[in-house]
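Fold and contact review
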Protein chains: 2
Amino acid sequence: MSDDRSSHDALTGGARRSTFGGLDDLDRALLRELERDGRISNKDLAERVGVAPSTCHTRVAALRTRGVLRGFHADVDPEAVGRGLQAVIAVRLQAGARPQLGAFAHALAARPEVRDVYLLGGSEDILLHVAVHDSRALRAFVVEHLSARREVAHTQTSLVFEHLHAPTTAV
Amino acid sequence: MSDDRSSHDALTGGARRSTFGGLDDLDRALLRELERDGRISNKDLAERVGVAPSTCHTRVAALRTRGVLRGFHADVDPEAVGRGLQAVIAVRLQAGARPQLGAFAHALAARPEVRDVYLLGGSEDILLHVAVHDSRALRAFVVEHLSARREVAHTQTSLVFEHLHAPTTAV
DNA sequence: ATTGAAACGAGCACCGC
DNA sequence: GCGGTGCTCGTTTCAAT
C-alpha cells in the first residue's frame, strides 16, 4: 500500500532509536518534510514518512512540546512587499558600550527593515541582514539607527545580490 | 461578533487598495499573520483578519499564485538536532574565480551545515551562516570546503552567540 | 470581490493491540 | 508506544450578491 515518493521509507520495521538527542529516524523524517512544506496536512505527512496518521500526529505534537519544532512561518518574497534591496551590515561597538549590546541588538531586531541580527564574537560585534525599498532607504537606516548612535564605533555595509536559504538538516 | 485580538480589523469597509505592488490592507494582514503562525487554520485566519473563510481562502491562494507567498517552513531548533554551534564566515575568492561564484555558492548551499549563503558586493564575495555540532566540525568545514578550494583566497570566521530572526514586514 | 451554504475530506480522541 | 475506527470540525467549491 502507499507509494514511495522522495526519500524516506524503510522506517517501519527498520532501525529506530536516537542517533542524536532522543531523535529517531522517524522524527528526523518528519522534521525534514515539515521544513520542506510547513503546511502539509497530517494525513499527507504520515503517508510520506510511512506511518499511521495518528502516530504522525502524536510525534509532531511531541516535537513541538520538546521545543525541537519551534514554529511554522510563511516565507514572503521581500521584493513583492517593497523590500527588494538587501544588505548585510557589520557593526562594531565602542569598547565601553558592550554591556548594552543585548538591548541594542533587540532594539534593532524590532525594526521593520531588519531580518536577522547575529551577535558575534570576533572583530565585529553585530551582523545585520536588512531588506529595504531602495538605496536611499538603506542609507537612511544606516545613518539614523547605526552611525547616529553613540554606542556604534564602525559600520561596514555590503549589498546582497542573492540570498540562498537552506533548511536545518539534522545530524 | 468575533473578538478583536492583536492589531488589524477595520478592514471590512475601510480603505482598501494597494499601498504597494497591488497589495491591499487585507493582503498585508494575511501575510503578517501567516508569518507569525504559518500553520494557523483558514478559519482562524479569516476570523483574525475579519473576513469570511471563503474570502480568506481565495486571497491566500492568490498570494501564492502571485509569488508573494513563496512557501511555509518549520522552524527547527538547531541545538535540538545536534547543531548547537553557529558561525558566520566571510569568503573572498581569487580574482580569476569570480565567474564560478554562482556554482560555488550553490554547492555550498547544498551542504547540511550551511543555513544561509549571501552573495555580496563589496570587499568579500560570499557570507556563509553555518550551524555545526562543535568547534571541531566548524574547523573541518572551513578546511575541507573553503580553504582547500583553489577558488578561495581568504576566509574569516566569527562565532554566533545569538541569532535573532524577524519577519519581513511589508512596506 | 465577497459571501453563505453544501459536499467533501481531514483532524483528533478513544480504545485495542 | 503504535495503529485502526468514528465523530466532529475545517476546508473548498459554487451560485448569488
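Please refer to the structure higher up on the page.
Let us look at the structure shown here. These numbers were taken from a predicted model, which means no experiment stands behind them. (Residues numbered from 1 in each chain as written. Chains lettered and ligands numbered in written order. Predicted model: local features only at pLDDT ≥ 70, side-chain atom pairs only at ≥ 80, totals over all residues. Heavy atoms only, no water.)

**Concerning the relation of the copies chain A and chain B**
Defined as follows: Least-squares superposition aligns the copies on the C-alpha atoms of those residues with pLDDT at or above 70 in both. The contact definition used throughout considers only heavy atoms, calling two residues in contact when any of these lie within 4.5 Å.
Laying chain A over chain B is done by rotating through 180° and shifting 0.0 Å along the axis; what remains is an RMSD of 0.1 Å. One copy is carried onto the other by what is essentially a two-fold rotation axis. A symmetric contact is evident, with 100% of the interface residues of chain A recurring at the interface of chain B.

**Some details on the protein's contact with DNA strand C**
Stated formally: Think of it this way: one heavy atom of a residue within 4 Å of a molecule or strand is enough to make that residue near it. N or O atoms within 3.5 Å of each other form a polar contact, as long as, within protein, one can give a hydrogen and the other can take it, and as long as residues adjacent in sequence are counted only when both atoms are side-chain atoms. For helices the rule is a DSSP run of H or I covering at least 4 residues; for strands it is a run of E covering at least 2, with both sets numbered from the N terminus onward. The classification used treats Ala, Val, Leu, Ile, Met, Phe, Trp, Tyr, Cys and Pro as nonpolar, Asp, Glu, Lys and Arg as charged, and all other residues, Gly among them, as polar.
Among the 10 residues in the neighbourhood of DNA strand C, the closest are listed as A:Asn42, A:His57, B:Ala52, B:Thr55 and B:Arg59. B:Ala52 is positioned such that a nitrogen or oxygen atom in its backbone is 3.1 Å from a phosphate oxygen of DNA strand C. In this structure, B:Ser54 approaches DNA strand C through a side-chain N or O atom, which is 3.2 Å from a base oxygen. By residue number, the principal contributor to the surface near DNA strand C is helix α3 (residues 53-65) of chain B, which donates 3 residues. Of the residues that constitute the surface near DNA strand C, the class distribution is 2 nonpolar, 5 polar and 3 charged.

**Examining helix α1 (residues 25-36) of chain A**
What counts, and what does not: Given the number of residues in a helix, its expected span is that number minus one, multiplied by 1.5 Å. Partly exposed residues are those whose accessible area sits between 20% and 50% of the maximum for their type, while under 20% is buried and over 50% is exposed, using a 1.4 Å probe and protein chains only.
Over its 12 residues, α1(A) extends 17 Å from the first C-alpha to the last, a length consistent with the 16 Å expected when each residue adds 1.5 Å. Burial analysis of α1(A) places 9 of its 12 residues in the buried class, the great majority of the element. Among all positions in α1(A), only A:Leu26, A:Asp27, A:Arg28, A:Ala29, A:Leu30, A:Leu31, A:Glu33, A:Leu34 and A:Glu35 are buried. Against α2 (42-49), α3 (53-66) and β1 (69-76) of chain A together with β1 (69-76) of chain B lie the buried residues of α1(A). Capping of α1(A) at its N-terminal end is provided by A:Asp24; its side-chain oxygen lies 3.1 Å from the backbone amide nitrogen of A:Leu26.

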